[in-house]
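Listed below are the residues making up each chain.
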Amino acid sequence: MADIKDPENTILVELKDGTVAIELLADIAPQHAERMKALARAGAYDGVIFHRVIEGFMAQTGDVEHGKPGGNAGRAGTGGSDMPDLPAEFSRIPHDRGTLGAARSQNPNSANSQFFINFKDNHFLNGQYTVYGRVISGMEFVDKIARGEPPAKPDAMISVKVASDAA
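The model shown is predicted, which means the values in this text are computed figures rather than measured ones.

Basis of the calculations
- Residues numbered from 1 in each chain as written.
- Predicted model: local features only at pLDDT ≥ 70, side-chain atom pairs only at ≥ 80, totals over all residues.
- Heavy atoms only, no water.
- Helix = DSSP H or I, 4+ residues; strand = E, 2+ residues; numbered from the N terminus.
- Rg over C-alpha atoms; globule rule 2.2 N^0.38 Å.
- Contact = heavy atoms within 4.5 Å.
- Areas by Shrake-Rupley, 256 points an atom, 1.4 Å probe, with all protein chains shown as cover.
- Pairing = 2+ DSSP bridges.
- Axes fitted to C-alpha atoms, helices over the stretch in contact; angles between N-to-C directions.
- Phe/Tyr/Trp six-rings, centres within 6.5 Å; stacked < 30°, edge-to-face > 60°.
- Buried < 20%, exposed > 50% of the residue type's maximum accessible area, 1.4 Å probe, protein only.
- Lys NZ or Arg CZ within 6 Å of the ring centre and 35° of its normal.
- Expected span 1.5 Å × (residues − 1).
- Core = buried A, V, L, I, M, F, W, Y, C linked by side-chain atoms within 4.5 Å.

Where do I start with the overall build of the protein in this structure?
The number of helices and strands found in the protein is 2 helices and 8 strands. Ordered by position in the sequence, the α and β elements of the protein form the string β-β-α-β-β-β-β-β-α-β. Expected size for 167 residues packed as a compact globule is a radius of gyration near 15 Å; at 14 Å, the protein falls within 12% of this value. Projected onto its principal axes, the C-alpha coordinates of the protein cover approximately 35 × 35 × 30 Å. Counted over contacts in the protein with a minimum sequence separation of 6, partners at least 24 positions apart contribute 69%. Just so you have it, the protein exposes about 7700 Å², and 50% of that area is on carbon and sulfur atoms.

Would you mind showing me how to read the sheet that holds strand β5 (residues 99-102) here?
Hydrogen bonds along the backbone pair up the strands of a sheet, which may run parallel or antiparallel. Strand order in the open sheet made by the 8 strands is β3-β4-β6-β5-β7-β2-β1-β8, with antiparallel pairing throughout. Across the chains shown, the open sheet's two edge strands, defined by having one partner strand only, are β3 (52-54) and β8 (159-162). Pairs of neighbouring strands in the sheet enclose a mean axial angle of 25°, with direction left out of account. Of the strands in this sheet, β1 (10-15), β2 (18-24), β5, β6 (115-118), β7 (131-137) and β8 touch helix α1 (residues 30-41), which is tilted by about 120° from β8.

So what exactly am I meant to see when it comes to the packing of aromatic side chains here?
Aromatic ring pairs are reported here in terms of the distance separating the ring centres and the angle at which the planes meet. The tally for this structure, following the rule as stated, stands at 3 aromatic pairs. Between the aromatic rings of Y45 and F115, the centroid separation amounts to 5.7 Å while the plane-to-plane angle is 90°, which identifies the pairing as edge-to-face. Of this pair, Y45 sits in the loop between α1 and β3 while F115 is found in strand β6, placing the two residues 70 residues apart along the sequence. Its relative accessible area of 1% is what places Y45 among the buried residues. Assessed through its relative accessible area of 1%, F115 is described here as buried. Over the ring of F119 we find R147; its NZ or CZ atom is 4.1 Å from the centre of that ring.

Help me understand α1 in this model?
An α-helical turn contains 3.6 residues, so any two residues separated by three or four positions project in the same direction. For α1, built from 12 residues, the straight-helix expectation of 16 Å at 1.5 Å per residue is met to within 8% by its first-to-last C-alpha distance of 16 Å. The complete set of buried residues in α1 reads H32, A33, R35, M36, K37, L39 and A40. Check the buried side of α1 and you find it contacts β1, β2, β5, β6, β7 and β8.

Before we go on, may I ask you to explain the pairing of β2 in this structure?
Successive residues of a regular strand alternate their side chains across the two faces of the sheet. Counting buried positions along β2 yields 5 of 7 residues, so the element is predominantly enclosed. Bridge count for β1 against β2 is 6 bridges, and the pairing is antiparallel. Along β2, the bridge assignment pairs I11 with I22. Where β1 folds back onto β2 in an antiparallel hairpin, the turn is made up of 2 residues. Here 4 bridges tie β2 to β7, and the two strands are oriented antiparallel to one another. Following the sheet pairing, A21 is matched in β7 by S137.

It is not clear to me how unusual backbone geometry should be interpreted in this structure. Could you clarify?
Generally, phi is negative for residues other than glycine and the peptide bonds are trans, each holding for most cases. Here the residue pair E149 and P150 is connected by a cis peptide bond, since its omega of 0° sits within 30 degrees of zero. Considering the arrangement of structural elements, one finds P150 in the loop between α2 (139-142) and β8.

Even after reading the chapter, I still don't get the nonpolar core, so can you show me in this structure?
The nonpolar side chains of soluble globular proteins are, as a tendency, buried together. Core analysis: the biggest nonpolar cluster contains 33 residues, and I11, L15, I22 and M157 have the highest contact counts within it. Going through the elements one at a time, β1, β2, α1, β5, β6, β7, α2 and β8 are the ones with two or more residues in this core. With 4 residues, the top contributor of residues to this core is α1. Of all hydrophobic cores here, the second largest spans 5 residues; its members include F57, M58, A103 and L125.

I keep staring at the pairing of β1 and nothing clicks. Help me out?
With 5 of 6 residues buried, β1 is to be regarded as a mostly interior element. Of the pairings in the sheet, the one linking β1 to β8 comprises 4 bridges and is antiparallel in character. Counted as the bridge partner of V13 is V160 from β8.

Rendered as structure tokens:
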């Protein structure tokens, strides 16, 4: 596990192969960072599947409405949380390998609960999607997530916690 400098702005995502630590960029995208912490603290992300995983591109998850066991998995990727959508918080932070981007519809101000983790540098996304975190340890576990749109047997986030709460 990485040396966690700011436990209040670090998310721990338990995957089948190990724990991924994500440093939230609360100074760059404060509303997105706060939303992820609120949903993690509510347990909303626990059990949510990776519904869109494209080799050499990214792994997308976070549909807390449709992406849980017993939910309508065929609709995974179309829902969000019961909180309002967030305005874009675009920055100069590039979409590099391991960065966390806010998934959204065509409307730049439609991000809600869904996010993606870049498998590689995807600079063509720069300035179009809010970057609000980066993997600081466990990227090797992200690399093992089952591929597909949707995957035949999707992997899930077993649990998602704020590091300051996990002690």
